[in-house]
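Listed below, chain by chain, are the residues.
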Amino acid sequence: MGTEKRRCMICGKEKEMTDAICDPCKAEIRGEAIDKHKQIKKDADREFRKEGVKPDKK
Ligand SMILES: [Zn+2]
């Protein structure tokens, strides 16, 4: 029990896995998610600077 042949919903390969996504795809998704998150944060920072958040707003 535990591992059974399933089709990965990402790469479509049949593998023995406990999840709907195989481990390599999971790792890839996690890495991509982190990269995207970093990119979003980068963009947000840039946007922040572009907007020119002034400390002496009041
Ligand atoms: Zn996969």
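What counts, and at which threshold
- Residues numbered from 1 in each chain as written.
- Predicted model: local features only at pLDDT ≥ 70, side-chain atom pairs only at ≥ 80, totals over all residues.
- Pairing = 2+ DSSP bridges.
- Helix = DSSP H or I, 4+ residues; strand = E, 2+ residues; numbered from the N terminus.
- Expected span 1.5 Å × (residues − 1).
- Buried ≥ 20, exposed ≤ 12 C-beta atoms within 10 Å, placed from the backbone.

## Looking at the pairing of strand E1 (residues 4-7)
Step number 1: Here E1 pairs with strand E2 (residues 14-17) via four bridges, running antiparallel. Within the sheet, the bridge partner assigned to Lys5 lies in E2 and is Glu16.
Step number 2: Joining the antiparallel neighbours E1 and E2 is a turn of six residues, in which Gly12 adopts a positive phi near 75 degrees.

## As for helix H1 (residues 23-51)
Step number 1: Taking 1.5 Å per residue, 29 residues should reach 42 Å; H1 reaches 41 Å between its end C-alpha atoms and fits that length.
Step number 2: Burial analysis of H1 places just zero of its 29 residues in the buried class, which makes it a mostly uncovered element.
Step number 3: Immediately downstream of H1, the backbone of Gly52 shows phi near 70 degrees, a positive value.

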